[in-house]
Amino acid sequence: MHSKKNDSVIMNNLLCEENTDSSLNKIPIQLNFPDWENRPVGKIILQGKTLSVGFDTGSSSNVDMTLFLKGIKKIYGSEKKLIKKIYIESAKFKNKDKHSAYKEIKKALKRENGKSVVFHIDGMRILMVLGEDSVDGIVGINFLKKKCNKNFSIDYINKCIILDDEIISENTTPLLPDTVLKGSFLIDFFIDGIKEQGLIDTGCNYFAYRKDILKEWISDKERREYINFNPIEEIKDTERIFSVINIAGVEYSNVQGLSSLDRNVVGSNWAKRNFQTINGLGSPFFIGHKIQMDFENMEFRIK
């Protein structure tokens, strides 16, 4: 579902001017935003409004941004005004009565019926979701890839994102396109010397281990079916301690891992199903480090 209006500005104008060192292509971030601790949060401009967004490399690769209820209210004034805008501008509802159309739109905005609402605003594909979060929205790998020519780095020590940075380290591993979730990227890593694969997920606050960790991998077909159709059944007491994890030559000892199905884990059902099929490498591996995703050389680096 799309709006008829297609507003567009140069992508570089999306970053808050007062928070951007344009000469160094730096985006300041904070790592103590409420409910987003240890994960990067910065500011962008959308439709002239300043939004606080999480930089989440593990979020949907089909869109540039997801806007939550808090951000929707900043841009449109209220949830009701957004629904009215969709009703008026979408040809789909031309011959539908207002009451049933509003119900259908609200279900799509809540993602209750398998549908979604995507707008094209300021040059970005933006998914609208009536979900509560402390940030106004999240921007993912697509947003950051469009902002840089070669690579971007997230510096968890100096609290900034650097676009087109110098090569930061010799600790490197190939950046692997995900063959199931197009547009996402994986890396190989090792648990006690056994090779695994994981998604670099800066929006995740833990190590999410897959359901068959250290066992045989399922096929792409099985993975797609699991992500799209498997029901969610939350469980408890899923904590495991992994003695040694090695990522691009950097070793971590006694790493706590959780299953994405743990009842204490917050996330969408889609994300929980995905992390049952692939490991999620989150903030415990990045805090105190600088990481880099290099799309020119297809490498992931960590310092």
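Residues numbered from 1 in each chain as written. Predicted model: local features only at pLDDT ≥ 70, side-chain atom pairs only at ≥ 80, totals over all residues. Heavy atoms only, no water.

A look at the overall build of the protein
Right, on to step 1. The helix and strand inventory of the protein stands at six helices and 19 strands.
Right, on to step 2. A globule of 303 residues ought to have a C-alpha radius of gyration of about 19 Å, and the protein, at 20 Å, matches this closely.
Right, on to step 3. Seen along its three principal axes, the alpha-carbon backbone of the protein occupies a region of about 60 × 50 × 30 Å.
Right, on to step 4. Considering the protein as a whole, with its 303 residues, one finds that 51% of them fall into the buried category. (Helix = DSSP H or I, 4+ residues; strand = E, 2+ residues; numbered from the N terminus. Rg over C-alpha atoms; globule rule 2.2 N^0.38 Å. Buried < 20%, exposed > 50% of the residue type's maximum accessible area, 1.4 Å probe, protein only.)

A look at the pairing of strand β19 (residues 299–302)
Right, on to step 1. Note that strand β10 (residues 172–174) and β19 share three bridges and pair antiparallel. Pairing of T172 across the sheet is with R301, part of β19.
Right, on to step 2. As defined by bridge partners, strand β18 (residues 290–294) adjoins β19 across four bridges and the pair is classed as antiparallel. Bridge pairing in β19 places D294 opposite E299.
Right, on to step 3. Between the antiparallel neighbours β18 and β19 lie four residues, among them M298 with a positive phi of about 50°. (Pairing = 2+ DSSP bridges.)

Some points on helix α5 (residues 220–229)
Right, on to step 1. Listed as buried for α5 are R223, Y226 and I227. The buried residues of α5 all sit within an arc of 95° when viewed along its axis, so they share a single face. α5 presents K221 and F229 as exposed residues on the side facing more than 90 degrees away from its buried surface.
Right, on to step 2. Elements that come into contact with the buried residues of α5 comprise α6 (269–277). (Arc of directions from axis to C-beta. Contact = heavy atoms within 4.5 Å.)

Thoughts on the sheet that holds strand β5 (residues 117–121)
Right, on to step 1. Pairing is mixed in the open sheet, where six strands are placed in the order β2-β3-β7-β4-β6-β5. At either margin of the open sheet sits one strand with a lone partner, and together these are β2 (41–46) and β5. Averaged over neighbouring strand pairs, the angle between their axes works out to 35° when direction is ignored.
Right, on to step 2. The pairing of strand β3 (residues 49–55) with strand β7 (residues 137–139) spans three bridges and is parallel. By the bridge assignment for β7, F55 is matched with V139. (Axes fitted to C-alpha atoms, helices over the stretch in contact; angles between N-to-C directions.)

Description of a positive patch on the surface
Right, on to step 1. Together, K80, K81, K84 and K98 make up a positively charged patch on the protein surface.
Right, on to step 2. Structurally, K98 can be placed in helix α3 (residues 98–109). (Patch = residues over 30% accessible without salt bridge, like charges linked within 9 Å, V, L, I, M, F, W, Y side chains within 5 Å. Areas by Shrake-Rupley, 256 points an atom, 1.4 Å probe, with all protein chains shown as cover. Salt bridge = Lys/Arg side-chain N within 4 Å of Asp/Glu carboxyl O. Lys, Arg positive; Asp, Glu negative; His and termini not counted. Charge placed at Lys NZ, Arg CZ, Asp CG, Glu CD.)

Details of the pattern of salt bridges
Right, on to step 1. Here the structure, examined in full by the defined rule, presents 15 salt bridges.
Right, on to step 2. Put simply, D178 and R223 hold a salt bridge, and the shortest N to O gap is 2.9 Å. With a gap of 45 residues between them, D178 in the loop between β11 (176–177) and β12 (185–191) and R223 in helix α5 connect regions that are remote in the sequence.
Right, on to step 3. Looking at D178, the relative accessible area reads 3%, which means it is buried.
Right, on to step 4. Given the relative accessible area of 6%, R223 is considered buried.
Right, on to step 5. The salt bridge involving K211 is made with D212; its shortest N-O contact spans 3.2 Å.
Right, on to step 6. What makes K211 partly exposed here is its relative accessible area of 38%.
Right, on to step 7. Put simply, K92, K96 and E104 are held in one network by salt bridges that share partners.

Brief notes about the environment of C148
Right, on to step 1. Following the sequence through the fold, C148 ends up in the loop between α4 (141–147) and β8 (151–155).
Right, on to step 2. Distance in space between the C-alpha atoms of C148 and I162 is 9.0 Å, their sequence separation being 14 residues.
Right, on to step 3. Beyond its immediate chain neighbours, meaning those up to four positions away, C148 contacts L163, D164 and F295.

Coordinates in, geometry out; function isn't part of it.
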